[in-house]
Each structure stands twice: as C-alpha cells, then as structure tokens.
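Listed here are the chains, written in short residue letters.
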Amino acid sequence: MEEVLFKQMQFVRNRTIAALDATTELLADEMPGNVKNSIRWNLGHIFVSQDTLLYPFIGEEHHAPKDYVDMFAIGSSPHQWKVEPPNLKEIRNYLVEQPIRIQRDFAGKLEERIQKPFKLGDYELTTLGELLSFAIWHEGLHQGAINTIKRAVGTEDLWSKVTEKNQLV
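In this report, we go over the structure that sits alongside the text.

Cut-offs applied
Residues numbered from 1 in each chain as written. Predicted model: local features only at pLDDT ≥ 70, side-chain atom pairs only at ≥ 80, totals over all residues. Heavy atoms only, no water. Helix = DSSP H or I, 4+ residues; strand = E, 2+ residues; numbered from the N terminus. Expected span 1.5 Å × (residues − 1). Buried < 20%, exposed > 50% of the residue type's maximum accessible area, 1.4 Å probe, protein only. Polar contact = N/O pair within 3.5 Å; in protein donor to acceptor, adjacent residues only side chain to side chain. Salt bridge = Lys/Arg side-chain N within 4 Å of Asp/Glu carboxyl O. Contact = heavy atoms within 4.5 Å. Pairing = 2+ DSSP bridges. Axes fitted to C-alpha atoms, helices over the stretch in contact; angles between N-to-C directions. Parallel < 35°, antiparallel > 145°, perpendicular 65-115°, else oblique. Left-handed = near helix turned anticlockwise from the far one by under 90°. Nonpolar A, V, L, I, M, F, W, Y, C, P; charged D, E, K, R; others polar.

1. Brief notes about helix 2 (residues 39–54)
For helix 2, spanning 16 residues, the distance from its first C-alpha to its last is 23 Å, which sits close to the expected 22 Å at 1.5 Å a residue. Most of helix 2 sits inside the fold, with 15 of its 16 residues counted as buried. By the N-cap criterion, in which a side-chain oxygen at the helix start approaches the backbone nitrogen of a residue two or three places on, helix 2 is capped by Ser-38, the distance to Arg-40 being 3.4 Å.

2. Concerning the pattern of salt bridges
Pairing is possible between side chains of opposite charge, provided their charged atoms come close. What the rule picks out here adds up to nine salt bridges. With a closest N to O distance of 2.8 Å, Arg-13 and Glu-139 form a salt bridge. Of this pair, Arg-13 sits in helix 1 (residues 2–21) while Glu-139 sits in helix 5 (residues 128–152), and the two are 126 residues apart along the sequence. A relative accessible area of 1% means that Glu-139 is categorised as buried.

3. Thoughts on the environment of Arg-92
Inspection of the secondary structure assignment puts Arg-92 in helix 4 (residues 88–106). Sequence-wise, Arg-92 and Asp-21 are 71 residues apart; in three dimensions their C-alpha atoms are separated by 8.5 Å. Not counting chain neighbours up to four residues away, the residues in contact with Arg-92 comprise Ile-17, Leu-20 and Asp-21.

4. Overview of the pairing of strand 1 (residues 113–120)
Alignment of strand 1 against strand 2 (residues 123–127), held across four bridges, turns out to be antiparallel. Looking across to strand 2, one finds that Lys-119 is bridged to Glu-124. Between strand 1 and strand 2, which pair antiparallel and follow one another directly, the connecting turn spans two residues, one of which, Gly-121, has a positive phi of 65 degrees.

5. Description of the packing of helix 1 against helix 2
Helix-helix packing is described using two parameters, namely the angle between the two axes and the distance between the axes. Helix 2 packs onto helix 1 with a crossing angle of 150 degrees between their chain directions and a minimal axis gap of 11 Å. With respect to helix 2, the axis of helix 1 lies roughly antiparallel. For the element pair helix 1 and helix 2, the recorded crossing hand is left-handed. Seen from helix 1, the contacting residues are Arg-13, Thr-16 and Leu-20; seen from helix 2, they are Leu-43, Ile-46 and Gln-50. Among the residues forming the contact of helix 1 with helix 2, the class breakdown is three nonpolar, two polar and one charged.

Printed below as a string of structure tokens:
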C-alpha cells in the first residue's frame with residue numbers, strides 16, 4: 001500500500017507542477033468575482049498544508065518557512081498579505097522537493113498509528129498513511145480551485161507551459 005500512496009502522491013504533484021508551469025506571474029494573482037484566494041495562494045497552500053499536517057505526527061518540525069505559513073495557512077488570503085509573496089519559481093522549487101522529502105521521511109511508517117486521531121467531522125484518520133491519503137486528496141481539491149480561477153478569467157488552455165510573453169491575461 002505504501003508504494004501506491006507514494007506513487008499517487010507523485011502523480012498528483014506532477015499535475016500541480018503542470019498547472020503551475022501553465023501559469024504566469026500575472027495570472028497567479030487573479031481573484032475573479034468573489035474568489036477569496038489566488039492561484040499563487042492555492043499553490044503555496046498545497047505546500048504549507050502538507051508539511052504542517054504531516055510532520056508534527058512524526059515528531060518533527062515542518063519545513064515551511066514562517067512567512068509561507070503566515071501567507072498560505074488555512075483561513076489566510078492574499079488580501080491580508082503584508083509582504084511580497086514568493087514568485088512561482090520559488091514555490092515550484094518547494095513543490096518539487098516536498099514529495100521526495102516526504103517519501104524519504106515517511107517510508108516504512110505509513111501503517112503507524114498516530115497518537116491522537118486527526119478528525120474531519122465524524123471521520124477520524126488514525127495512521128500516517130491515512131493522513132498522507134487525505135493530503136493527496138486535499139491537493140487535488142486545490143488543483144480544481146486553480147482550474148476554476150483560470151477558467152473564470154478566460155484561460156482556455158489550462159496545461160500548456162507559458163511564459164509572460166506568450167500568455168494574455
């Protein structure tokens with residue numbers, strides 16, 4: 001089961017990287033209509049949420065910089081940012097590195113029970129593998145938000161790599 005979860009984690013992350021690569025810096029900050037968060041926020045949130053969710057359960061500090069936690073934590077919004085957000089290249093580097101590190105740090109541990117169950121309403125996650133599975137699902141949820149924002153601003157091709165020069169926003 002461990003191999004399947006790590007394979008799924010990498011597959012989903014590859015799709016996140018593809019979405020990032022198909023996003024310009026300008027497009028990354030669009031928030032059409034009543035959207036509370038931008039593509040940049042969703043990408044940063046994927047990184048921060050996985051680290052801050054998983055690592056405490058193995059007794060380690062997460063690897064997200066403090067300014068990232070402040071900018072991309074649940075309940076945060078670009079409307080609240082008081083500092084310049086990271087560029088997409090920086091976020092991309094964190095997103096590429098993270099699944100490699102998670103696989104290294106969690107290999108052989110996914111069947112381990114966690115001391116205190118993680119509750120989602122009436123549902124409880126009780127193993128590290130269940131937490132990782134949830135994190136993978138959560139990433140997919142934010143991929144959907146990214147695609148929704150892109151469609152709302154008129155982006156038709158969601159997946160082709162772009163540069164600032166070849167993408168109209």
